[in-house]
Amino acid sequence: MSVIAVDIAQIEQHRTYLLRYASLQLRDAGAAEDAVQDTLMAALEGADRFAGKSSVKTWLTGILKHKIIDHVRCQSREQPLLSGDSEGSESDMADVLFLADGHWRHPPSNWGDPDKVLENKAFMAVFEACAKILPEKTARAFMMREVMECDTGEICKELNVTTTNCWVLLHRARLSLRECLEARWFGKP
Amino acid sequence: MKIPKCRDISILISRQHETPLTPGESLWLRFHLLICEGCRNFQNNVRVMRSAFKRYLDQGKDH
Ligand SMILES: [Zn+2]
């Protein structure tokens, strides 16, 4: 009897996780579905190569990461990423969030106990909505950093931006996501 | 060098997650955080958002 290191059921149970991962990055439900489908197919075909050195989830995530990068590459060839200007420049956004003297216009508030916040399902729904409305290029850099855990070098390469530009995008992403959460969740009486 | 304001400090708070700050930058950051509640909150908010991504992906997983 042949021993298969991993079976269909083991692979299938990670579908939801993979779908969340892909949809944060691709922002298009169809493309995310496709990437996950491709990943599961590739995993099934390569199941005998799964070495068992990492968890099944880590192994699947690794495959998905490649599928997403391929997709992003094809897309940027067909339709080059918007240049920085069309998303509003860093200074435009900072001018809204900071006063001329460099102080916060509305200083960030204390969000309380992080564990308590993150356990709240309603908060996570708001978080998802806020993450999905970030401008495209900003979001792409941010998701590569926070979801795919790429380093700055990889992000610069994929997005074809300088290191400084990359830091600007990530800073802007954090400021924007924070504003959205503050307005939609923490700011509520 | 002019004294960094919240706007500059927020850049450092973000960038420290990508690359280590220079000793001078770390010093400005530490000093500023002692006196500025808004930036202390921003620093914590950024940490919460980083954890939220992890938590979001792992939601409702069936072990
Ligand atoms: Zn400050």
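Residues numbered from 1 in each chain as written. Chains lettered and ligands numbered in written order. Predicted model: local features only at pLDDT ≥ 70, side-chain atom pairs only at ≥ 80, totals over all residues. Heavy atoms only, no water.

### A few points about the confidence of the model for chain B
Looking at chain B as a whole, its pLDDT mean stands at 91, while 92% of the residues score no less than 70. Within chain B, the element-level pLDDT minimum falls on helix α3 (residues 37-58) of chain B, averaging 95, and the maximum on helix α1 (residues 6-15) of chain B, averaging 97. (pLDDT = per-residue confidence, 0-100. Helix = DSSP H or I, 4+ residues; strand = E, 2+ residues; numbered from the N terminus.)

### Here we look at the coordination of the zinc ion
All names here are of chain B. Taken together, Cys6 (SG), His32 (NE2), Cys36 (SG) and Cys39 (SG) make up the protein donors of the zinc ion, found 2.0 to 2.4 Å from the metal. Around the zinc ion sit 4 donor atoms; with metal-centred angles ranging over 103 to 113 degrees, the donor geometry is tetrahedral. We note that the donor set of the zinc ion lies within a single chain, spaced as C-x25-H-x3-C-x2-C. (Donors = N, O, S within 2.8 Å, 3.2 Å for Na, K, Ca; no water. Tetrahedral: all angles 85-135°; square planar, octahedral: opposite > 155°, others 65-115°.)

### Things to note about the interface of chain A and chain B
Facing 43 residues of chain A, the contacting portion of chain B comprises 31 residues. Taken together, the two surfaces of chain A and chain B that pack against each other cover about 3600 Å², and 63% of this comes from carbon and sulfur. The tally of links from chain A across to chain B stands at 15 residue pairs in polar contact (both at pLDDT 80 or more). Those elements that place two or more of their residues in the side of chain A that touches chain B are α2 (15-26), α5 (90-97), α6 (114-119), α7 (121-132), α8 (136-146) and α10 (163-186) of chain A. For the side of chain A that touches chain B, the element with the most residues is α10 of chain A, which contributes 9 residues. In terms of residue class, the side of chain A that touches chain B is made up of 21 nonpolar, 8 polar and 14 charged. (Contact = heavy atoms within 4.5 Å. Buried area = accessible area lost by both parts, 1.4 Å probe. Polar contact = N/O pair within 3.5 Å; in protein donor to acceptor, adjacent residues only side chain to side chain. Nonpolar A, V, L, I, M, F, W, Y, C, P; charged D, E, K, R; others polar.)

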